[in-house]
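# Topology and contacts: notes
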Amino acid sequence: MMGGAAPIGGRRRGIRTVLSRAGLALLLLGSHAGGLAPRPAAAAERTRLVAYTALELEQLDPIRRAIEAAVPEVEIAWLRASTGLITDRMLAERNAPQADLLIGVATTSLLQFESAGLLDPYRPAGVEALRPFFRDQTPPYSWTGMDAYLGVICFNTEVAARHRITRPSFWRDLLGPAFKGRIAMPNPAASGTGYLLVAAWLQTLGEDAGWAFMDALHENVAAYLPSGSAPCREAAAGRHAAGLSLDMRAAAEKAAGAPIDIVVPVDGTGWEAEAFAVVAGRPHLPLARRVADWAASREANALYARSYAIVAYPGVSNPAPVYPPHAEARMIRNDLDWMARNRTRILAEWSRRYGAKVRSSP
């Protein structure tokens, strides 16, 4: 264990003391802007369930098809957005929820929804088989984890060689003059990855030192981008020397041949878990609960493991050879309850200090 970090499988005080993602555009997949898309005859007798998600686009169709095969009475309509937009939308709809399910949404967001009474108190079948920190530890049971992702630096070795930039080992190494104008980072108001980075610095350094670190980092940041994946894509394309991003996007870019090193800083990195839950008070709760049963299954976790190195079901993960083997050991002791409670305050202060460099597209 290094830099105050602890393995995800280490001793915890429950997920509330230890335990979003990308895409600013809000996409309702399966409907037109003015109403529902025409459904094929085979789907005409299905019940349509709306699922809010922050998963990557390429994950959605395989998961939809698997759900509809496991629960043939259901047709899944995804509404996909970044973690920040999903969170704000759910809270705005608290008096008249529009989603039936939340699938692939940050656990810190689900903790807010749980506190607001928006989640159905349902314990899916088979959750006892999942790793303990992916299970809601506080009654009534309301959500279940799927995967975990963590913050990394996508470091472009070709850009670094041209500008004589040394590979960073610690977060503070990004503050050197060689990085000025050559760093991209996610906007934490839109991106769960951005927020987990900010929250980790505040937790590990303390608030005063954490904001001082971000003040210095801001001097070297070229832009804050709308998703957790975008900074790594930008670095992979050679437009920045370093993109602060999430582990699995970095692994995907490196596996595709991008000239990047995946740096998990020695002093520890922030992380988040994605989870699923049934929304309370909706008209098709029995069907939504059956989808939740599937989402906790080994079959479902095998699908999650196509995109994530760390998933809830033991023994299912199969990370790519390019995935850094020490990543899990460098995850900090994260307080997701604290992240959930302080999100509004932290984002307001972050926007006040650094909002001038926010960009709505890469």
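Let me begin by describing the structure that accompanies this report. (Residues numbered from 1 in each chain as written. Predicted model: local features only at pLDDT ≥ 70, side-chain atom pairs only at ≥ 80, totals over all residues. Heavy atoms only, no water.)

Attention now moves to the packing of aromatic side chains. Scanning all chains against the criterion turns up eight aromatic pairs. Ring pairs connect the aromatic residues W211, Y224, W350 and Y354, which therefore count as one cluster. The positively charged end of R172 is found above the aromatic ring belonging to F170, 4.1 Å away from the centroid. (Phe/Tyr/Trp six-rings, centres within 6.5 Å; stacked < 30°, edge-to-face > 60°. Lys NZ or Arg CZ within 6 Å of the ring centre and 35° of its normal.)

A rise of 1.5 Å per residue sets the reference length of helix α6 (residues 192–205), with its 14 residues, at 20 Å; its end C-alpha atoms lie 20 Å apart and thus fit the reference within 8%. α6 sits mainly inside the fold: eleven of its 14 residues count as buried. Its side-chain oxygen 3.1 Å from the backbone nitrogen of T193, S191 forms the N-cap of α6. Directly after α6, the chain includes G206, whose backbone phi takes a positive value near 90 degrees. (Helix = DSSP H or I, 4+ residues; strand = E, 2+ residues; numbered from the N terminus. Expected span 1.5 Å × (residues − 1). Buried < 20%, exposed > 50% of the residue type's maximum accessible area, 1.4 Å probe, protein only. Polar contact = N/O pair within 3.5 Å; in protein donor to acceptor, adjacent residues only side chain to side chain.)

Here we come to the packing of helix α7 (residues 207–220) against helix α12 (residues 336–354). Where α7 meets α12, the axes come as close as 12 Å, and the angle between the chain directions of the two elements is 40 degrees. Here α7 is positioned oblique relative to α12, judged by the angle of their axes. As α7 runs across α12, the sense of the crossing is right-handed. Residues E207, W211, M214, D215 and H218 of α7 lie in contact with α12, whose contacting residues are W338, R345, I346, E349, W350, R353 and Y354. Its residues assigned to classes, the contact of α7 with α12 comprises six nonpolar, one polar and five charged. (Axes fitted to C-alpha atoms, helices over the stretch in contact; angles between N-to-C directions. Parallel < 35°, antiparallel > 145°, perpendicular 65-115°, else oblique. Left-handed = near helix turned anticlockwise from the far one by under 90°. Contact = heavy atoms within 4.5 Å. Nonpolar A, V, L, I, M, F, W, Y, C, P; charged D, E, K, R; others polar.)

What follows covers the state of the cysteines. Tallied over the full model, the rule gives one disulfide. What pairs with C154 in a disulfide is C232, and their sulfur atoms sit 2.1 Å apart. Residues C154 and C232 are joined by a disulfide whose S-S torsion is about -95 degrees; by sign, that bridge is left-handed. With C154 in strand β7 (residues 144–156) and C232 in helix α8 (residues 230–236), this pair connects stretches of sequence that are 78 residues apart. (Disulfide = S-S within 2.5 Å.)

A few words now on the pattern of salt bridges. Enumeration according to the criterion identifies 20 salt bridges in this entry. Between D100 and R282 there is a salt bridge; the shortest N-O distance is 3.0 Å. Placement of the pair is D100 in the loop between α3 (83–92) and β6 (101–106) and R282 in the loop between β12 (271–278) and α10 (285–295), with a sequence separation of 182 residues. When salt bridges with common partners are traced through the structure, they connect R46, D61, R64, R65 and E68 into a single cluster. (Salt bridge = Lys/Arg side-chain N within 4 Å of Asp/Glu carboxyl O.)

Now for empty space enclosed by the protein. Estimates place the volume of the second largest cavity at around 40 Å³. Lining the second largest cavity are D120, Y122, P124, S142, W143, T144, F276, A277, V278 and A292. Take the lining of the second largest cavity: its biggest share by element is three residues, from β12. Along the lines of polarity and charge, the residues of the lining of the second largest cavity split into seven nonpolar, two polar and one charged. (1 Å grid on protein atoms, 1.4 Å probe; cavity = no way out; pocket = protein on both sides within 12 Å on 5 of 7 lines; lining within 4 Å. Points joined across faces, edges and corners; volume = space filled by probe spheres on them.)

This next bit is on unusual backbone geometry. P140 follows P139 through a cis peptide bond whose omega is -5 degrees. Here P140 is to be found in the loop between α4 (107–115) and β7. Phi is positive for R164, close to 55 degrees, though the residue is something other than glycine. Inspection of the secondary structure puts R164 in the loop between α5 (157–163) and β8 (183–186). Taking relative accessible area as the criterion, R164 reaches 78% and is therefore assigned exposed.

Structural measurements only, silent on function.
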